[in-house]
Amino acid sequence: MKINWGTGIVIAFIAFITFILYFVVRMSTDNRANHDLVTEEYYKQELAYQKEIDASESALKMDAKLKIVQSEKGITIFFPEKFDPKKITGTVSLYRPSNKHLDVDFPLSLSKTHLLIPDNRLVDGRWDISVKWQYEGNKFMFKEKLTY
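Residues numbered from 1 in each chain as written. Predicted model: local features only at pLDDT ≥ 70, side-chain atom pairs only at ≥ 80, totals over all residues. Heavy atoms only, no water.

J.: Would you explain unusual backbone geometry in this entry?
T.: Most peptide bonds take the trans form, and the phi angle of most residues other than glycine is negative. For E136, which is not glycine, the phi dihedral falls at a positive 50°. Tracing the chain through its elements places E136 in the loop between β6 (126-135) and β7 (138-147). Accessibility expressed as a relative area gives 54% for E136, which makes it exposed. (Helix = DSSP H or I, 4+ residues; strand = E, 2+ residues; numbered from the N terminus. Buried < 20%, exposed > 50% of the residue type's maximum accessible area, 1.4 Å probe, protein only.)

J.: Looking at this structure, how should I read the sheet that holds strand β2 (residues 74-78)?
T.: Sheet strands pair via backbone hydrogen bonds, and the direction of the pair is either parallel or antiparallel. Taken in spatial order, the three strands line up as β1-β2-β5 in an open sheet, and their pairing is antiparallel. At either end of the open sheet lies a strand with only one pairing partner, and these are β1 (67-70) and β5 (114-118). Across this sheet, the average inter-strand angle for adjacent strands is 20°, counted without regard to direction. Summarising the sheet, β2 and β5 pair through five bridges and their orientation is antiparallel. Bridging from a neighbouring strand, G74 pairs with P118 of β5. (Pairing = 2+ DSSP bridges. Axes fitted to C-alpha atoms, helices over the stretch in contact; angles between N-to-C directions.)

J.: Could you clarify how one ought to interpret the nonpolar core in this entry?
T.: The nonpolar side chains of a soluble globular protein tend to be buried, and buried together. By size, the foremost hydrophobic cluster in this structure holds 27 residues, and its most contacted members are I77, F79, L108, V131 and W133. Secondary structure elements with two or more residues in this core: β2, β3 (88-95), β4 (104-107), β5, β6 and β7. The biggest single contributor to this core is β6, with five residues. Apart from residues lying up to four places away in sequence, I77 is in contact with L66, K67, I68, V92, T113, H114, L115, I117, I129 and V131. (Core = buried A, V, L, I, M, F, W, Y, C linked by side-chain atoms within 4.5 Å. Contact = heavy atoms within 4.5 Å.)

J.: Mind showing me how you'd approach the confidence of the model for the chain here?
T.: Caution applies to low-pLDDT parts of the model: their predicted coordinates are not meant to be read in detail. Chain-level pLDDT for the chain is 84 on average; 95% of the residues reach the 70-or-more range. When pLDDT is averaged over each element of the chain, helix α1 (residues 5-29) comes out on top at 93 and helix α2 (residues 42-47) at the bottom at 76. (pLDDT = per-residue confidence, 0-100.)

J.: When you look at the pattern of salt bridges in this model, what are you seeing that I'm missing?
T.: With the rule as written, the count across this model stands at four salt bridges. Measuring nitrogen to oxygen at the nearest pair gives 3.3 Å for the salt bridge that ties K87 to E136. A residue pair is termed long-range when its members are at least 10 positions apart, and K87 in the loop between β2 and β3 and E136 in the loop between β6 and β7 qualify at 49 residues. Note that D128 is salt-bridged to R126, the shortest N-O span being 3.1 Å. Accessibility expressed as a relative area gives 14% for D128, which makes it buried. On the basis of relative accessible area, R126 is assigned to the partly exposed category, the value being 37%. (Salt bridge = Lys/Arg side-chain N within 4 Å of Asp/Glu carboxyl O.)

Here's what the structure looks like:
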């Protein structure tokens, strides 16, 4: 059977369309190509962004900068020693940009001026750490990006 040039063009178009449809279906159903939003309530979070800016500025004004140190035990967050650790409340958020299932939020409860995030809770790669904390009615915010 001999294929003329018209039949060859039709077969090429069908092969190309099949090839494109295969990748469209594969990328839309594959979990590795998941294109979720960063947060579920994106617009609500954007409206509250001014409060985060104010909390970061108050931390600078009151010299309440946190220090983050990486070690083999994990990540240690050091709070200023001039504050009583028992009066510090708030939350620590660990955000993993590549996988939302690894995101962790936990409350602050300190007995010393530092907090250790154990190594077993962290996967190697980039993390965004956000600490929202209060001390005697003053709200503070600290954000840092690090590679563990």
